[in-house]
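# Per-entry structural report
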Amino acid sequence: MAEQPSIPERQVDVLVVGAGPAGLGVAARLAGLGVAPLVLDREPVPGGLPAQCEHPGFGLWAFRRLMPGQEFAARLVERAVRAGVRLETDVTVLEVTPDRTALAVSPSGIVRYRAQALVLATGCRERPRSARLIPGPRPAGVFNTGVVQRLHTFLGLLPGREVVIVGSDDISLVAARTLAQAGCRIAAVVEERPYRQGYLVNEWWSLRSQRIPLRLGHRVLRILGDGRVAGVEVALCDATGTPLANPYEIPCDTVIFSGEFVPEATLVAQAGIPADPRTGGGPLVDQEFQTELAGIFACGNLVHAADPADYALVDGERAALGVWRYLTSPPSGGELVQPVLPGQQVRAVVPQRLRWSGERLDPVRLAVRVEPALRAVRLRAIVAGQPWGWSLAPAAKPHRSVYLWLRPARPGDAPIVVEARGWPIV
Amino acid sequence: MGAIPGACDYDYLIVGAGVIGCAIARELVRSPVRVGVVEQGWDVAEGASKANSSILHTGFDAKPGTREARLVAEGWWLWQQEAPELGVPILRTGAVMLALDEEQAQELERWRRNAFENGVTDVELLTRDRVLALAPAANPAVVRGLFVPRESVTCTFTATVALAEQAAVNGTVFHFGHRVTGIERSPDGSYRVLTDRGPLTARWLIDAAGLWADEIARWAGADGLVITPRKGEFLVLDKSARAKVPLIHLPVPTPISKGILVAPTANGNVLLGPTAEDIGDKRDLSVTASGLQRAREGALRLAPALADEPVIATYAGLRPASSAGDYVIEIHPRDRLVLAAGIRSTGLSSALAVAREVVRGLLEAGEPLASSESPLRPRPRRSWAPGQPRPCTRPELVAADPSYGRVLCLCELVSEGEIREALRAPIPATTLDAIKKRTWAMAGRCQGFYCTAAILQFMSRELRVPVSGLTKSGPGSPVAGPPVASRGRRGHG
């Protein structure tokens, strides 16, 4: 047997996996603090999911105006590179280890990176048709929105001519508009919940302006078609999926399963980083986005799939402060860990624990997912029976975070329970 | 066509490029004969060979004395000999039949005797503790178990592709996308097989058409064969489940079916299924809500610990079950017709033995064929087979060819290099499904979310075909629509 070439090793201060908004946010801020991070991305084009979005709606937080995803991604890349970030594309990270190494492959070879701090920002993806257990044959023409965006943006192709979109979050609604303007006929947007998931403004801007019907409370019972999709069978259903009316067929040649994002947590699981099943397998993090393994951080939609790109960027910038503190002041020991637990009508909270090492008393922001969807929402954080923060929101839906700030207070280790009150949206 | 009048295109024309048809073709081309394969799909393994459990059976549970029992047992040993050279993975995991109550425990003794009658003498009855030591995820209610150490798993795609490629390298001609529409006999007795893309002529006709074997046989003049499609639905679990399933978990069979099992796959996933349901439509490959639920519930009875493991894919396959209840392998020397039919769920295990059985029959019929020991040219080597480390993890391969370092499919870690190999193989992959069968790209947990567009782009470049001309499984299944109509209008409104 031929002798195995040894794998070269490289030392880096901070290694960031993923050049989406979160990863670029971490890297740019760290570069500003005088640390030179290396960012690896598996795609030839950096920027994460926004780089494949031609539609506007990005950048309000970072650049104070709305812009198309591609422009947003390009500006984040430019800003990071100008700040001194090293960015390598076409590099796939194969594994990470608890001692902060990462094995990566690219056309120029396999390298093992040894980092003082490792940041995972691998984002999220949509649940495919098969994982949703949708019955019927398996013809061509069944997509996730992400694939459709890539066909459209990178290859200049439509997914088909007659489209049914399954899901009504903002991504679905905007995709309906984009495809309608590019030449598709959108036969319907089908949503199994009895309410629209995305913003009302998107329903008006995306659907009503294009005269696209929105079928609330409808489920896809079956996909039809032999070689290519020929239609979908849908019916108005109750919450358990039992049809309330006769199923009917919508002819189409394309079905797009949209939304239902899950974290891309393969590296997390394989490295044995403790994860939170309530977020779909994203790692458990503290308020500075450090995981349970010292020096390994995770942020963006890997920890809360999927909030808007701007929020992933905000995460990244906060995580950068955590990384910087980790690098500059090693843990002193004797820290307090305070669990954050979901209470009534709350499915998940990020961060899942607060970590206090004595003197730090920063305000903390909690990202909260409610279940079920609520109107006139009041969020409360309660510690040992005492309220420690609250916020109000006109509405909250399970697929998107609502936020709650905790005021600075004396650290403790009593659990914080976050609960939501409001009227269920039905 | 340009054929010489009076001469046939082929000495042997095989209908069906499933694992049986490909194995027969490979066995025939040991001799200097002209072999053709006609297949309605656009790739090998498009019928029953595409969607099964990929288990390599020992035949311990077959009905003793049947042709199936004999050929499955022989096929198992032949695969052990041939697999290394063919590049087909075999994981000798073993299987354990789980008795979940006292009544089933009584049955195990009967299955042990059954195994002995079939020559599978290495089976062993296990106590509850030993079952749980072997199968940690097994139902704790298990009373006893029957261990079958040689039951193995392989990969039905890799196996069929490997047989077909070696057949092709040794001279077999494959006609994909040719649907047989009728069969005529010439006065000299040779066959004229009509297809939707023109006729093919042959001295002998070999019916390995799986689900359609009865129609082909009837057209060729042999009545009496009835093939009933028996649907089996499966769920595929993500690789996180694999560590909990070190071996195949079998239920105690019922008279109707071997039952719903839990099996590791060669590629590192876990299969739940299949259901067994006789249906009427030979093209009905749809998964159903009730079928998937039954498959899941049945599997979780064996291994409740898998309840939270994520499902990444579902599929349905149709077993070609014959009315005879056994394999139908018949040689009709006067009609120069061979039937290799009714090879229901065990065809992958028995394929090599079925091929030898057919050649033995042809030799008896006086055909001048070479022995099964005659050498074949090897199939070209692939850089990867299921269960092996991916090329992108092997420094020497990436250093030698940078395309192995460009990973397109993140979940399965498939590089451009492997996809290029599939596109340039002796039986080139031309569709997305064909790429999936050969490389497992797009078959992982994201089911193509990240890589479909990149793979289409790469295929388009390599094959010099626009992306809008690429298909999932052949003409009629385009993967994408027309070009964007109004790129210039973007940003308006």
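Basis of the calculations
Residues numbered from 1 in each chain as written. Chains lettered and ligands numbered in written order. Predicted model: local features only at pLDDT ≥ 70, side-chain atom pairs only at ≥ 80, totals over all residues. Heavy atoms only, no water. Domains from an automatic or database assignment. Contact = heavy atoms within 4.5 Å. Buried area = accessible area lost by both parts, 1.4 Å probe. Salt bridge = Lys/Arg side-chain N within 4 Å of Asp/Glu carboxyl O. Polar contact = N/O pair within 3.5 Å; in protein donor to acceptor, adjacent residues only side chain to side chain. Helix = DSSP H or I, 4+ residues; strand = E, 2+ residues; numbered from the N terminus. Nonpolar A, V, L, I, M, F, W, Y, C, P; charged D, E, K, R; others polar. Core = buried A, V, L, I, M, F, W, Y, C linked by side-chain atoms within 4.5 Å. Buried < 20%, exposed > 50% of the residue type's maximum accessible area, 1.4 Å probe, protein only.

## Focus: the domain arrangement of chain B
Residue and element names in this part refer to chain B. On domain assignment, one finds that chain B holds domain 1 (6–91 + 154–226 + 323–379), domain 2 (95–149 + 228–322) and domain 3 (391–469). Listed as interface residues are five residues of domain 2 and, on the opposing side, six residues of domain 3. Regarding the contact of domain 2 and domain 3, the summed buried area is about 500 Å², with carbon and sulfur atoms giving 42% of it. Our count for the domain 2 to domain 3 interface comes out at two salt bridges.

## Points about the domain arrangement of chain A
Residue and element names in this part refer to chain A. Partitioning chain A into domains gives domain 1 (9–126 + 260–330), domain 2 (128–259) and domain 3 (333–426). Computed over C-alpha atoms, the centres of domain 1 and domain 3 are 24 Å apart. Facing 23 residues of domain 1, the contacting portion of domain 3 comprises 21 residues. Of the roughly 1800 Å² buried where domain 1 meets domain 3, counting both sides, 42% is carbon and sulfur surface. At the surface where domain 1 touches domain 3, the tally comes to five salt bridges. Between D307 and R369 there is a salt bridge, with the nearest N and O atoms lying 3.3 Å from each other. Between domain 1 and domain 3 we count 12 residue pairs in polar contact (both at pLDDT 80 or more) in total. By residue number, the principal contributor to the side of domain 1 that touches domain 3 is helix α8 (residues 309–328), which donates five residues. Taken together, the residues of the side of domain 1 that touches domain 3 sort by class into nine nonpolar, five polar and nine charged.

## Description of the nonpolar core
L15(A), F72(A) and L120(A) are the most contacted members of the largest nonpolar core, which totals 63 residues. Two domains each put at least three residues into this core: domain 1 (9–126 + 260–330) and domain 3 (333–426) of chain A. In this view, F72(A) contacts P21(A), P50(A), F58(A), G59(A), A62(A), F63(A), M67(A), A309(A), D310(A) and L313(A); residues no more than four positions away in its chain are not counted. A23(B), I24(B), I329(B) and A355(B) belong to the second-largest nonpolar core, a separate cluster that totals 53 residues.

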